[in-house]
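This is what each chain is made of:
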Amino acid sequence: MAEFELVWDSRCGVAESPVWDPSTRRLLFCDIPGKRINALSVDDGARTSWDFPEVVGSFGLCRSGRLVVALRHRAVLFDPRTKSIEPLSKPVDEPPTNRFNDGKVGPDGCFWVGSMDERTPRQKTAFLYRITPDGRTERKAKGYAVSNGLAWSPDGRTMYHSDTHGPFIEAWDFDVQTGNLANHRTIATLTNEEGRPDGAATDAQGNYWSAGPSAGCINCFSPAGKLLHKLPFPVPGPTMPCFAEKHLYVTSLREGKSAEVLQQYPALGGLFRIDAPAIGAPVAMFADQ
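Please read all numbers here as calculations on a predicted model, not as lab measurements.

Procedures and definitions
Residues numbered from 1 in each chain as written. Predicted model: local features only at pLDDT ≥ 70, side-chain atom pairs only at ≥ 80, totals over all residues. Heavy atoms only, no water. Salt bridge = Lys/Arg side-chain N within 4 Å of Asp/Glu carboxyl O. Buried < 20%, exposed > 50% of the residue type's maximum accessible area, 1.4 Å probe, protein only. Pairing = 2+ DSSP bridges. Helix = DSSP H or I, 4+ residues; strand = E, 2+ residues; numbered from the N terminus. Contact = heavy atoms within 4.5 Å. Axes fitted to C-alpha atoms, helices over the stretch in contact; angles between N-to-C directions. Phe/Tyr/Trp six-rings, centres within 6.5 Å; stacked < 30°, edge-to-face > 60°. Core = buried A, V, L, I, M, F, W, Y, C linked by side-chain atoms within 4.5 Å.

Colleague: What's the story with the pattern of salt bridges in this structure? I'm lost.
Modeller: Counted by the stated rule, this structure contains 18 salt bridges. Here Arg11 makes a salt bridge to Asp9, at a shortest N to O gap of 3.1 Å. Given the relative accessible area of 42%, Arg11 is considered partly exposed. The shortest N-O distance in the salt bridge between Asp79 and Arg81 comes to 2.8 Å. For Asp79, a relative accessible area of 11% gives the class buried.

Colleague: How should I be thinking about the pairing of strand 5 (residues 47-51) in this particular structure?
Modeller: Each regular strand shows side chains that alternate between the opposite faces of the sheet. Where strand 4 (residues 36-41) lies against strand 5, five bridges are found, and the strand directions are antiparallel. The residue bridging Arg36 from the neighbouring strand is Asp51, located in strand 5. A loop of five residues connects strand 4 with strand 5, the two strands running antiparallel in sequence, and Gly45 in this loop sits at a positive phi of about 80°.

Colleague: Which parts of the structure should I look at to understand the side chain of Ser41?
Modeller: Its place among the elements puts Ser41 in strand 4. The buried category is assigned to Ser41, whose relative accessible area is 13%. If we skip the residues at most four places from it in the chain, Ser41 touches Arg25, Arg26 and Ala46.

Colleague: Would you mind going over unusual backbone geometry with me for this structure?
Modeller: For residues other than glycine, phi is negative in most cases, and the peptide bonds are mostly trans. The omega angle of the peptide bond from Thr120 to Pro121 is -5°, so this bond is cis rather than trans. Looking at where Pro121 falls in the secondary structure, it is placed in the loop between strand 11 (111-117) and strand 12 (126-131). Despite not being glycine, Lys35 has its phi angle at roughly 55°, a positive value. Among the structural elements, Lys35 can be located in the loop between strand 3 (26-31) and strand 4. Notably, Asn183 is not glycine yet its phi reads approximately 55°, a positive angle.

Colleague: Looking at this model, I keep getting lost on the sheet that holds strand 2 (residues 15-21). Mind explaining?
Modeller: Think of a sheet as strands paired side by side through backbone hydrogen bonds, with each pair either parallel or antiparallel. Pairing is antiparallel across the open sheet formed by four strands, whose spatial order is 2-3-4-5. Each edge of the sheet is formed by a strand with only one pairing partner; in this case those strands are strand 2 and strand 5. For this sheet, the mean inter-axis angle between neighbouring strands, taken without regard to orientation, is 20°.

Colleague: Can you walk me through the packing of aromatic side chains in this structure?
Modeller: Aromatic rings considered in pairs are described by the distance between their centres and by the relative angle of their planes. Summed over the entire model, instances satisfying the criterion amount to twelve aromatic pairs. Between Trp8 and Phe29, the ring centres sit 5.4 Å apart and the planes meet at 90°, which makes this aromatic pair edge-to-face. Placement of Trp8 in strand 1 (residues 5-8) and of Phe29 in strand 3 is noted, with a sequence separation of 21 residues between them. By relative accessible area, which is 0% here, Phe29 ends up buried. On the numbers, 5.1 Å between centres and 70° between planes, the contact of Phe233 with Phe272 is edge-to-face. Of the two residues, Phe233 sits in the loop between strand 21 (227-232) and strand 22 (238-244) while Phe272 sits in strand 24 (residues 271-275), which places them 39 residues apart along the sequence. This pair shows no difference in class: Phe233 is buried, exactly as Phe272 is.

Colleague: Just to check I follow, could you spell out the nonpolar core for this structure?
Modeller: A general feature of soluble globular proteins is that nonpolar side chains tend to end up buried together. Core analysis: the largest hydrophobic core is formed by 19 residues, its most contacted members being Ile37, Phe52, Phe59, Leu67 and Val69. Look past the residues within four positions of Ile37 in its chain and what remains in contact with it is Leu28, Phe29, Cys30, Thr48, Ser49, Trp50, Phe52, Val56, Phe59, Leu67 and Val69. With 17 residues, the next largest nonpolar core counts Trp209, Cys220, Val235 and Val250 among its residues.

Colleague: Help me understand the sheet that holds strand 20 (residues 217-221), please; the structure alone is not making it clear to me.
Modeller: Spatial strand order, 18-19-20-21: four strands in an open sheet with antiparallel pairing. Two strands close off the open sheet at either side, each with one partner strand: strand 18 (200-202) and strand 21. Looking at each pair of strands side by side, their axes are set apart by 20° on average, direction ignored. As paired elements, strand 18 and strand 19 (residues 208-212) share three bridges and run antiparallel to each other. The residue bridging Thr202 from the neighbouring strand is Tyr208, located in strand 19.

Written out as structure tokens, the structure reads:
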């Protein structure tokens, strides 16, 4: 069986939100507390980084070539070619101890992003939002501690989401035209030992691949929530998988780890990859044009 290899020893506090850009053949990911987005050219290994004025929770690709980026409480549009940042949405009305976290572009062409409570212990004060290309922000669900795990089925008709501190994975029927959600169900509830759900991706067969940082693994679930596969991860802290042609890339975190763990696993916070165990589902682009 193939094993994960370290491809960028970035040592991010929290490396997250890996995104494959087929037009530039780059794998992008953010360092949330580092306020940065990194880009790796998969052909020649060239590396680029862009810094932001606030934490970067997540981001997605735009049809215009820009990125839609979730900062602490708002979304912006960033152009990697000019390095310009344009406001997109107004700040959300949330406690100052909350921030945007996991986000992805949906099949409706909008940016879906959830928030999280940064306090310890975490409280269920977070929300899930839909941000439209004209900057309107709609609250779609509430009652989360750490919104995470957004992904869609290959046909776009099912949306998946998780709460890392639920800890559960949920799904809705998804209307691609309107972004409306219906028929809510919980498909899996996980323990620390099984791998509390973090970031996720879907494959072309409709299976849901969920990072399990508490168990150091990637869990693969059927659309109904049956555990199909479990990939062991080389460091204790995978955060999100991303399919990119023949590889599966996975980010990791080092924030909150003890000195002993960091000494044992110095590559924590890096970007890893493995031969893809499946073909990835299509990922949508933000409809800014």
